[in-house]
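Structural overview for review
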Amino acid sequence: MGQSMMQRLVIALFCTLISISATVGNAAGDTTVGANSSFAVTAPPACVNNLGETVTFENRPAARNQLAAGMARRDSQGVPVIYRFGYENAPPALQQFIDLHECAHHQTGDIDRPHPPRNSPAHMMNESIADCIAILRIRDGDTDGKTVMDAAVLALTADMATVGFAATTIESRVSNIKNCFEKPMNASAFLSEILEYRGLK
Ligand SMILES: [Zn+2]
């Protein structure tokens, strides 16, 4: 794995996350963690980037033990792709959220723009936008989007805490997701605003 690949992976693991099996939090002494930690891997959503290219999804082994994470990039052939690492470790709602979040990085053109420094305001803005598009797609594409959101947020919150994110970081992420769920516009209208603002449309 080259330097640049590794850097992108690190960014993606920070940016998305990150699911550790829900059973990890069981009482100490529970030795059956592995037995309940495998979820069916969901079918990926439709995803087309800002240039009209179809984004492909590839299942990969967990990048680290027990982690589910997504990574959006172009592969060595230049094909826009989303790698799904260890999705069997995340419940379906979180798998769906990660897919749509990574897809949003393709839809907004993040993939073809320079990566802002990790944790910089520009980086956090990109992440908030990706979360927002993801939750709008869940809201508008599911008959019970609220239930899916609650399940995704529950898993995301637990996993981010386990990985060691600060409580304030987790709270602001969840609050952004919930605010976006109330947005009086759909995902494509919101996306249009972003692309227009970036001069990509
Ligand atoms: Zn992201």
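Going by the structure above, here's the rest.
In this report, we go over the structure that sits alongside the text. Since the model is a prediction, treat every value here as computed from it, not as a measurement. (Residues numbered from 1 in each chain as written. Predicted model: local features only at pLDDT ≥ 70, side-chain atom pairs only at ≥ 80, totals over all residues.)

1. Side note on the pairing of strand β3 (residues 80-85)
- Among the 6 residues in β3, 5 count as buried, and that is most of the element.
- With 6 bridges joining them, strand β2 (residues 69-74) and β3 adopt antiparallel strand pairing. Residue alanine 69 lies in a different strand from β3, and its bridge partner there is phenylalanine 85. (Buried ≥ 20, exposed ≤ 12 C-beta atoms within 10 Å, placed from the backbone. Helix = DSSP H or I, 4+ residues; strand = E, 2+ residues; numbered from the N terminus. Pairing = 2+ DSSP bridges.)

2. Some thoughts on helix α2 (residues 92-107)
- Taking 1.5 Å as the rise per residue, α2 with 16 residues should run 22 Å; its terminal C-alpha atoms sit 22 Å apart, in good agreement.
- The buried count for α2 comes to 15 of 16 residues, which makes it a mostly enclosed element. (Expected span 1.5 Å × (residues − 1).)

3. Some words on the environment of lysine 201
- The residue lysine 201 is located in the segment after α6 (187-197) in this model.
- In this structure, the C-alpha to C-alpha distance between lysine 201 and leucine 51, residues 150 residues apart in sequence, is 9.6 Å.
- Apart from residues lying up to four places away in sequence, lysine 201 is in contact with Ser192, Leu195 and Glu196. (Contact = placed C-beta atoms within 7 Å.)

4. Brief notes about the packing of helix α3 (residues 121-141) against helix α4 (residues 145-163)
- It is the contact of α3 with α4, at a shortest axis distance of 7 Å, that shows an interaxial angle of 140°. By the angle between their directions, the pair α3 and α4 is classed as oblique. Contacts between α3 and α4 involve Ile135, Ile138 and Arg139 on the former and, on the latter, Gly145, Val148 and Met149.
- Partitioning the contact of α3 with α4 into residue classes produces 4 nonpolar, 1 polar and 1 charged. (Axes fitted to C-alpha atoms, helices over the stretch in contact; angles between N-to-C directions. Parallel < 35°, antiparallel > 145°, perpendicular 65-115°, else oblique. Nonpolar A, V, L, I, M, F, W, Y, C, P; charged D, E, K, R; others polar.)

5. Comments concerning the sheet that holds β2
- Strand order in the open sheet formed by 3 strands is β1-β3-β2, and the pairing between neighbours is mixed. Every interior strand has two partners, whereas the edge strands, β1 (56-60) and β2, have only one. The mean angle between the axes of side-by-side strands here comes to 25°, regardless of whether they run parallel or antiparallel.

6. Description of the nonpolar core
- Formed by 39 residues in total, the largest nonpolar core has its most connected members in Leu94, Phe97, Ile133, Ala134, Ile135 and Ala152.
- Elements with a contribution of two residues or more to this core: β2, β3, α2, α3, α4, α5 (167-181) and α6.
- With 8 residues, the single largest contributor to this core is α3.
- The contacts of phenylalanine 97, once residues within four sequence positions are left out, are Ala134, Ile138 and Ala152. (Core = buried A, V, L, I, M, F, W, Y, C linked by C-beta atoms within 7 Å.)

7. Some details on the packing of α2 against α3
- Where α2 meets α3, the closest approach of the two axes is 8 Å, and the angle between their N-to-C directions is 120°. Taken together, the axes of α2 and α3 lie oblique to each other. The two elements α2 and α3 cross, and the hand of that crossing is right-handed. Side by side, α2 and α3 meet where Gln96, Phe97, Leu100, His101, Ala104, His105 and Gln107 of the first sit next to Ile129, Ala130, Asp131, Ile133, Ala134, Arg137 and Ile138 of the second.
- Along the lines of polarity and charge, the residues of the contact of α2 with α3 split into 8 nonpolar, 4 polar and 2 charged. (Left-handed = near helix turned anticlockwise from the far one by under 90°.)

8. A few points about α4
- The terminal C-alpha atoms of α4 lie 26 Å apart, and with 19 residues this matches the ideal 27 Å at 1.5 Å per residue to within 8%.
- All of the buried residues in α4 are Val148, Met149, Ala152, Val153, Ala155, Leu156, Asp159 and Met160.
- Check the buried side of α4 and you find it contacts α2, α3 and α5.
- Glycine 164, located one to two residues past α4, shows a positive phi value of around 110°.

Interpretation note: all reported values are geometric properties and have no functional meaning in isolation.
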